[in-house]
Amino acid sequence: MKKKIFLCTYGCQMNEYDSELIESILTADGFVLAADIQDADIILLNTCAVRNNAERKVFNHIDDIRHELQGKPVYIGILGCVATHLKEQIIKNKKRKIDFVVGPDSYRQLPDIIRKVIKENEKIFDVSLTTKENYEDITPTRKEGINAWVAVMRGCDNFCTFCVVPYTRGRERSRPMENILDEVRSLAAKGHPQVTFLGQNVNSYHDNQFDFADLLEATSAIEGIKRIRFMSPHPKDYLEKLINVVANNPKICKHIHLPLQAGNDRILQLMNRGYTKADYLSLVDKLYSHIPGLTLTTDIIVGFPTETDADFLDTVEVMEKVRFASAFIFKYSERKGTIAAKKYPDDVPEEKKTERIMKLNDLQKRISFEKNRSWIGKTLPVLVESETIAKGATQFQGRSDGYVTVVFPPGNYKAGDIVNVTIQEASSHWLKGIHHTPDA
Ligand code: SF4
């Protein structure tokens, strides 16, 4: 009898991609997917350790699962970043009764690990990291859809002082360019018109003489690929060549997610980000002037240790100058094992962090609304993603080149088409318009 797996995914797009890899590895080895938790023999939680509450969410979910199963026997495995971050602590936690813990570089071993856990009833723990594992020979089990995630590199060598990724996912390594292009060709043939290249530090991708700009150019030549996106680039690795490729290649979306993290030089140095406020602003000027219509989005941390009100105002100033289309803003949370946790006490009071995050969220909402409103009356090419119901009526939904959600009435088009939509209405989160037919 084939064992049934139920897989829950937390966190970033890289984890979504890894879950597709895990499904592929397990189903190729004879496991099948369960319809729900009740139907499963084995429950896998592919976890994220970037923020403190992400870990808490996983543990609360395990408690909910145990409660829902009401004593039904099931094997539970923790995979991903929490596995490498907390290591043996997870197995030692008697309350949660976890059966196996497997890190991001050991997914090939999962079928054997699960069989051993079942046969020998022993707890297994494999969180070793390598400098080579890229899973380049494994085709992820993708859901149908417009976009396909493609990890082009894994790991990170940057050691930002607040971040667990270099410890949970190990050192940087890139896939061979030809191997990525083969995958994209097969995705295009299966009907995915858009690929999003993923990497913790995606623009440090390299394969001998080929760099990330070469990869983007080569991908754009693949028939059937209409749009190429990527995330997340690091501001310190934005070379002239990459800017030119993004500016001049119509298939590469004019949207860049450019993590700022903080606007104050002292805090940026404590974070080990490798740039100053002036460097960041000068890069933004260069990007805006070379890439017409560019949309920038970002990540920001408030309340990093020792951040004063005056330091925080530098972040506000950068946000006002850059005018990001949207921003993911987080309160600093100390992550065990990081350089910041060892060197800098988490000394900004919780109320201060709350005050600062509220201020930035309000500011960002206003800027997002103003930016979206500036599209009213303009016609944007939109990649159609799906049907949606808005106020009881069927509508279509897609994304602009700049990654803004656009809603528009049904017409003679389908998911995967690029249609011109004239924008009539805007909020801070979406645009609404009508399909513009050139010959109407
Ligand atoms: S660049 Fe910094 S924040 Fe991003 S994954 Fe690497 S260490 Fe973490």
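Here the structure is a predicted model, which means the values were calculated and not measured. (Residues numbered from 1 in each chain as written. Predicted model: local features only at pLDDT ≥ 70, side-chain atom pairs only at ≥ 80, totals over all residues.)

### Details of the overall build of the protein
In step 1: Counting its secondary structure elements, the protein contains 14 helices and 21 strands.
In step 2: The C-alpha atoms of the protein give a radius of gyration of 23 Å, which matches the 22 Å a tight globule of 440 residues would have.
In step 3: In terms of principal-axis extent, the alpha carbons of the protein reach across some 65 × 55 × 50 Å.
In step 4: Counting all 440 residues of the protein, 40% fall into the buried class.
In step 5: Restricting the contact set of the protein to residue pairs at least 6 apart, pairs at least 24 apart contribute 75%. (Helix = DSSP H or I, 4+ residues; strand = E, 2+ residues; numbered from the N terminus. Rg over C-alpha atoms; globule rule 2.2 N^0.38 Å. Buried ≥ 20, exposed ≤ 12 C-beta atoms within 10 Å, placed from the backbone. Contact = placed C-beta atoms within 7 Å.)

### Thoughts on the site of the ligand
In step 1: Taken together, the neighbourhood of the ligand is formed by Cys156, Asn158, Phe159, Cys160, Cys163, Val165, Pro166, Gln200, Asn201 and His234.
In step 2: For the shell around the ligand, the residue count by class is six nonpolar, four polar and no charged. (Near = placed C-beta within 6 Å. Nonpolar A, V, L, I, M, F, W, Y, C, P; charged D, E, K, R; others polar.)

### Quick look at the nonpolar core
In step 1: One finds Val150, Val152, Leu198 and Val202 to be the most contacted residues of the largest nonpolar core, which totals 110 residues.
In step 2: In terms of residue count, helix 1 (residues 13–28) provides more of this core than any other element does, five residues in total.
In step 3: Residues within four places of Val202 in sequence aside, it is in contact with Val152, Met153, Phe197, Phe212, Phe230, Met231, Ser232 and Pro233. (Core = buried A, V, L, I, M, F, W, Y, C linked by C-beta atoms within 7 Å.)

### Digging into the sheet that holds strand 16 (residues 326–331)
In step 1: Strand order in the open sheet formed by three strands is 14-15-16, with parallel pairing between adjacent strands. Each of the sheet's edge strands pairs with one partner strand only, and the pair in question is strand 14 (255–257) and strand 16. On average, adjacent strands in this sheet sit at an angle of 10° to one another, irrespective of strand direction.
In step 2: For strand 15 (residues 295–302) and strand 16, the ladder comprises six bridges, and the chain directions are parallel. Note on strand 16: the bridge partner recorded for Ile300 is Ile329.
In step 3: Strands in contact with helix 14 (residues 350–373) are strand 15 and strand 16; relative to strand 16, the strand with the most contacts, it is inclined by about 175°. (Pairing = 2+ DSSP bridges. Axes fitted to C-alpha atoms, helices over the stretch in contact; angles between N-to-C directions.)

### With respect to unusual backbone geometry
In step 1: The linkage connecting Met231 with the following residue, Ser232, adopts the cis geometry, with an omega of -10°.
In step 2: Phi at Asn121 is positive, roughly 50°, even though this residue is not glycine.
In step 3: With respect to the secondary-structure elements, Asn121 resides in the loop between helix 5 (110–120) and strand 6 (124–126).
In step 4: For Asn121, a count of 9 C-beta atoms within 10 Å corresponds to the exposed category.
In step 5: Positioned with a positive phi, Arg323 is a non-glycine residue whose angle comes to about 55°.

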